[in-house]
Amino acid sequence: MVTFEDIQKAADRIRGLAQRTPVLSSRSFDSEAHLSARFKCENLQKGGSFKIRGASNFIFSLHPEAVSKGVVTHSAGNHGQAVAIAARAVGAPATIVMPYDAPKAKVQATAAYGAKIVQYDRFQEKREDISSRIAAETGATLVPPYDHEWTIAGQGTAAIELMEQAPGLDALVCCVGGGGLISGCSIAAKALNPAIRVIGVEPEDGNDFYLSIRAGQRTE
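Residues numbered from 1 in each chain as written. Predicted model: local features only at pLDDT ≥ 70, side-chain atom pairs only at ≥ 80, totals over all residues. Heavy atoms only, no water.

Undergrad: Please explain the overall build of the protein as it appears in this structure.
TA: A tally of helices and strands in the protein yields 10 helices and eight strands. Expected size for 220 residues packed as a compact globule is a radius of gyration near 17 Å; at 18 Å, the protein falls within 12% of this value. Across its three principal axes, the protein shows a C-alpha extent of roughly 55 × 35 × 35 Å. Each of the 220 residues in the protein was classed as buried or not, and the buried ones make up 44%. Counting contacts in the protein only where the partners sit at least 6 residues apart, residues at least 24 apart contribute 64% of the total. In the form shown here, the protein has an accessible surface area of approximately 12,200 Å², with 51% of it arising from carbon and sulfur atoms. Distance from the positive charge centre (23 side chains) to the negative charge centre (23 side chains) of the protein: 5 Å. (Helix = DSSP H or I, 4+ residues; strand = E, 2+ residues; numbered from the N terminus. Rg over C-alpha atoms; globule rule 2.2 N^0.38 Å. Buried < 20%, exposed > 50% of the residue type's maximum accessible area, 1.4 Å probe, protein only. Contact = heavy atoms within 4.5 Å. Areas by Shrake-Rupley, 256 points an atom, 1.4 Å probe, with all protein chains shown as cover. Lys, Arg positive; Asp, Glu negative; His and termini not counted. Charge placed at Lys NZ, Arg CZ, Asp CG, Glu CD.)

Rendered as structure tokens:
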């Protein structure tokens, strides 16, 4: 189980690679929403997203022997870029499994960081199977995009920064994809302010978390 202490240690571990992104406000947004909001600009993060936090904490936590054998992951873009960046920082070979229809800019950016790209047809192949096979054949460590304690702890560092930069928040609104970001941020936010509300947001056409909570069981 991930603890607040784990997230604090992750913040120290990744400080040399992940950036402390700015927190901005918008008078127009506040006027329309009738509240005072602050935006943690992870789009300005290295690699373009918060994913570098979890990827770097995971890779920086590996034993040197595991680092030498490399890492592998599957991603359509952001997580793959983050793994490539973190792997290059420690000199680890990286293989990223990406779908053929992934944005070309993200494929090119990931390759530019020195990663090997393995592409697949996402309508006929399972990326998890490909990644697992590569890991078994090469000895590389599989870096999960969200479902791992090291990844979650790394993502939670965003909330620590936000609450330092914008003290007095009464609610934290967080996007929900795989769940790594909101998991880590919830732990950090509640540790720093037990009264804070944490609100997850996801696309209406991809609302598996909402459906799962409503049904009381995991629902696709």
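After presenting the structure, the write-up continues.
Undergrad: What exactly am I supposed to notice about the environment of Ala171 here?
TA: Looking at the element boundaries, Ala171 is found in strand 7 (residues 171-175). For the pair formed by Ala171 and Ala37, sequence separation is 134 residues and the distance between their alpha carbons is 9.4 Å. Residues in contact with Ala171, not counting those within four places in the same chain, are Ile196 and Arg197.

Undergrad: Can you help me understand the packing of helix 5 (residues 78-90) against helix 6 (residues 104-112) in this one?
TA: Each pair of packed helices can be summarised by the angle the axes make with each other and by the distance between the axes. At a minimum axis separation of 8 Å, helix 5 and helix 6 run at an interaxial angle of 10 degrees. Taken as axis vectors, helix 5 and helix 6 run roughly parallel relative to one another. Taking contact as the criterion, the partners of Asn78, Gly80, Gln81, Ala84 and Arg88 in helix 5 are, on helix 6, Lys106, Ala109, Thr110 and Ala112. Class assignment of the residues belonging to the contact of helix 5 with helix 6 gives a composition of three nonpolar, four polar and two charged. (Axes fitted to C-alpha atoms, helices over the stretch in contact; angles between N-to-C directions. Parallel < 35°, antiparallel > 145°, perpendicular 65-115°, else oblique. Nonpolar A, V, L, I, M, F, W, Y, C, P; charged D, E, K, R; others polar.)

Undergrad: How should the side chain of Thr110 be read in this particular structure?
TA: Along the chain, Thr110 turns up in helix 6. Leave out the neighbours within four places in its chain, and Thr110 touches Gly77, Gly80, Gln81, Ala84, Ile96, Met98, Ala115 and Ile117.

Undergrad: Even after reading the chapter, I still don't get the nonpolar core, so can you show me in this structure?
TA: The nonpolar side chains of a soluble globular protein tend to be buried, and buried together. If you look at the biggest cluster of nonpolar residues, it comprises 25 residues, and the most contacted ones within it are Ile52, Ile59, Leu62, Val71, Val83, Ala87 and Val143. For this core, the secondary-structure elements that each account for two or more residues are helix 3 (51-60), helix 4 (64-69), helix 5 and strand 4 (94-99). At six residues, helix 5 tops the list of elements feeding residues into this core. If you look at the next biggest cluster of nonpolar residues, it comprises 22 residues, including Phe50, Ile182, Ala188 and Ile196. (Core = buried A, V, L, I, M, F, W, Y, C linked by side-chain atoms within 4.5 Å.)

Undergrad: Help me understand helix 8 (residues 149-165), please; the structure alone is not making it clear to me.
TA: The end-to-end C-alpha distance of helix 8 is 25 Å, a good match for the 24 Å that 17 residues give at a rise of 1.5 Å each. Taken across its 17 residues, helix 8 has 13 buried, putting it largely inside the fold. (Expected span 1.5 Å × (residues − 1).)

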